[in-house]
Amino acid sequence: MYSVGVELEGFRVTRRQRLVYSWRFSPKPDGTMYDPKVGWVQFNERCLQLSNVKRVSHVVVADIADFFPHLYLHPVERVLARCTATQEQAYCVLRILKGWNALVSYGVPIGPPSGRILADATLNDLDEAQIGSAAKYCRYSDDCRIFCRSEAEARQRLEFLAKQLFELYGLTLQSTKTTINPVEDYRRRFSLSPERLEAESLEAKFEELLDRAGVEHEYGESIDYDDLPEDVQQEIDSLNLAEVVREQIGREKYDPILLSLLLQRLGQLDQDDVVEDLLSNLRPLEPVIDSIVRYLSALHIISEQRRRRIGKHILQAVRKKGTSTYQATCLLSVFAEGIAFDNAKEFERLYEQVPEDAKRKLILALARTGKARWFYARRRDASALGPWLRRAFLAGASCMKEDAKRAFFKTEERTGDVLEQAVLSWVKAHPLG
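The rules we used
Residues numbered from 1 in each chain as written. Predicted model: local features only at pLDDT ≥ 70, side-chain atom pairs only at ≥ 80, totals over all residues. Heavy atoms only, no water. Helix = DSSP H or I, 4+ residues; strand = E, 2+ residues; numbered from the N terminus. Buried < 20%, exposed > 50% of the residue type's maximum accessible area, 1.4 Å probe, protein only. Areas by Shrake-Rupley, 256 points an atom, 1.4 Å probe, with all protein chains shown as cover. Axes fitted to C-alpha atoms, helices over the stretch in contact; angles between N-to-C directions. Left-handed = near helix turned anticlockwise from the far one by under 90°. Contact = heavy atoms within 4.5 Å. Nonpolar A, V, L, I, M, F, W, Y, C, P; charged D, E, K, R; others polar. Pairing = 2+ DSSP bridges. pLDDT = per-residue confidence, 0-100. Phe/Tyr/Trp six-rings, centres within 6.5 Å; stacked < 30°, edge-to-face > 60°. Parallel < 35°, antiparallel > 145°, perpendicular 65-115°, else oblique. Arc of directions from axis to C-beta. Patch = residues over 30% accessible without salt bridge, like charges linked within 9 Å, V, L, I, M, F, W, Y side chains within 5 Å. Salt bridge = Lys/Arg side-chain N within 4 Å of Asp/Glu carboxyl O.

A.B. asks: Would you mind showing me how to read the overall build of the protein chain here?
C.D. replies: The helix and strand tally for the protein chain stands at 23 helices and four strands. The buried share among the 433 residues of the protein chain stands at 50%. Of the roughly 21,500 Å² that the protein chain leaves accessible, carbon and sulfur atoms contribute 51%.

A.B. asks: What is the right way to read the packing of helix 12 (residues 241–250) against helix 13 (residues 256–268) from this model?
C.D. replies: The description of two helices packed together rests on the angle between their axes and the distance between the axes. Contact geometry for helix 12 and helix 13: axes closest at 10 Å, N-to-C directions at 150 degrees. Seen from above, helix 12 lies across helix 13 with left-handed handedness. Together, L241, A242, V244, V245 and Q248 of helix 12 and L258, L259, L262, R265 and L266 of helix 13 make up the contact between the two elements. Classifying every residue of the contact of helix 12 with helix 13 gives eight nonpolar, one polar and one charged.

A.B. asks: In this structure, what is going on with unusual backbone geometry? I would like to understand it.
C.D. replies: In terms of backbone geometry, most residues other than glycine have negative phi values and most peptide bonds are trans. Positive phi outside glycine occurs at R55, with the angle close to 80 degrees. By the element assignment, R55 lies in the loop between helix 2 (40–51) and strand 1 (58–63). Given a relative accessible area of 57%, R55 falls into the exposed group. Here N343, not a glycine, exhibits a phi torsion of approximately 65 degrees, which is positive. In this structure N343 comes out as buried when scored by relative accessible area, which is 7%.

A.B. asks: Whenever I open this one, the sheet that holds strand 2 (residues 136–140) confuses me. Can you help?
C.D. replies: Within a beta sheet, neighbouring strands are joined by backbone hydrogen bonds and run either parallel or antiparallel to one another. A sheet is described by the order of its strands in space; here four strands give the open sequence 2-3-1-4, paired in antiparallel fashion. For this open sheet the edge positions go to strand 2 and strand 4 (179–182), each flanked by a neighbour on one side alone. In this sheet, neighbouring strand axes are inclined to one another by 20 degrees on average, regardless of whether the strands run parallel or antiparallel. The sheet contact formed by strand 2 and strand 3 (residues 143–148) spans five bridges and is antiparallel. Bridge pairing in strand 3 places C138 opposite R145.

A.B. asks: How should I be thinking about the confidence of the model for the protein chain in this particular structure?
C.D. replies: As a note on interpretation, predicted positions should not be read in detail where pLDDT is low. On average, the protein chain scores 83 in pLDDT, and the residues at 70 or more come to 82%. When mean pLDDT is taken per element in the protein chain, strand 3 scores highest with 96 and helix 5 (residues 87–101) scores lowest with 55. This stretch, residues 100–106, has a pLDDT under 50; its non-local contacts, to residues over four places away or in other chains, come to 14 contacts. A low-confidence stretch, residues 217–221 stays under pLDDT 50, and its non-local contacts, those more than four residues away or across chains, total 16 contacts.

A.B. asks: Please clarify how the packing of aromatic side chains should be interpreted in this entry.
C.D. replies: Where two aromatic rings form a pair, the distance of their centres and the angle of their planes describe that pair. Tallying each qualifying case throughout the model produces 13 aromatic pairs. Taking the centre distance of 6.4 Å and the plane angle of 55 degrees together, the rings of Y21 and F43 count as tilted. Placement of Y21 in the loop between helix 1 (2–11) and helix 2 and of F43 in helix 2 is noted, with a sequence separation of 22 residues between them. Assigned by exposure class, Y21 and F43 land together as buried.

A.B. asks: Just checking my understanding: could you explain the environment of D66 for this structure?
C.D. replies: In this fold, D66 is placed in the loop between strand 1 and helix 3 (67–70). By relative accessible area, D66 is classed as partly exposed at 33%. With 76 residues separating them in the primary sequence, D66 and D142 have C-alpha atoms 8.6 Å apart.

A.B. asks: I tried to follow the packing of helix 22 (residues 402–415) against helix 23 (residues 418–429) on my own but got confused; where do I start?
C.D. replies: Two numbers describe how helix 22 lies on helix 23: the axes approach to 9 Å, and their chain directions differ by 150 degrees. Classed by the angle they form, the pair helix 22 and helix 23 counts as roughly antiparallel. Here helix 22 and helix 23 pass one another in a crossing that is left-handed. On helix 23, the residues that touch F409, E412 and E413 of helix 22 are Q421, L424, V427 and K428. Residues that form the contact of helix 22 with helix 23 fall into these classes: three nonpolar, one polar and three charged.

A.B. asks: How should helix 9 (residues 183–190) be read in this particular structure?
C.D. replies: Every buried residue of helix 9 is accounted for by V183, Y186 and F190. What you see down the axis of helix 9 is that its buried residues fit within an arc of 55 degrees, all on one side. Looking at the buried residues of helix 9, the elements they touch are helix 2, strand 1, strand 3 and strand 4.

A.B. asks: Any chance you could explain a nonpolar patch on the surface here in plain terms?
C.D. replies: On the surface, W388, V418 and L419 cluster together into a nonpolar patch covering about 350 Å² of accessible area. With respect to the helices and strands, the residue L419 is situated in helix 23.

Take a look at the structure:
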């Protein structure tokens, strides 16, 4: 892609035009492919300059929906045919893409850095169309901004952008992230404080490190920090990871895989800087709730009193109307794994209020805190419980006194299925509570 990259960069609108700020190809001996001095921060600075141009009253903020995974290969093929020196180069690149996508004719891989200039160069016709229409336009990857003299012009420009995007590429705009904003609102929303500039720069550096390690994270599987190359681990640790987490949380659309990796490392480093940020945003952070729980459980630095407050906040979140079964189950697992987060006096009452899947975690939490009385009083009703709830009850009953436990287990050994037998075998060797 290095030789093709030079030709693709030459095909795009020039840097001097100050229109496109994403993935400007500038390879370095260390393997870096893109110019680090041209990126999202510079894009936002340029947009703020344009918003201050005299007579600008409205700004179109538009986001291309699923740009990388839904980009058809036909326009990619046209761009390669127009700007590569030989047909062999275009053929090889297309064959790689078609092999990647199996039976479908769309999608450019977002993880490998080489795919980014290919996708971005494909949007050059869209950029040229905006130039031809005399729009005050700026773009970073799938984020487009147009600066207009009236709301009517903004609507006209947005309609033209959407039409060109569909006719040229078969793509659409993300309706929830595409808006027409009065210029004052735009400036307030996108103004770059020194703190936000630092956070954006840190996030860009973090993503650059993952790219260098060959890690796909936007549409890939979870990343284990310990699997990253040692030099990349060292550079990640040198960043202000807490600020990158806060920047991710503040976005309308955060990267759950990147955020999970950051929380994993902060937990390993025993850094509690983002605890309050996470607790204040549990509902929108549901896709990474399991990572949040692991992060909280990994922290040793926090005091018993603060841990108790965190446990109380978690229980309040579980009780909130609209909390999903999945989120409640994940959050309650902090109590099922041990007694560090306390609040045991709340468990019995909460048991009657949560969905059945979440009850399993509370049963284990009751056992961890030695509530033998609770199990003894319900032992005769255990057979009426659902299969997984019953297995949790069998495990939890190991906290009962030895004579009561022995009698209960003896009965269950005669009637339990193979999984229940396995649970009984395990808890005899590892009793809870």
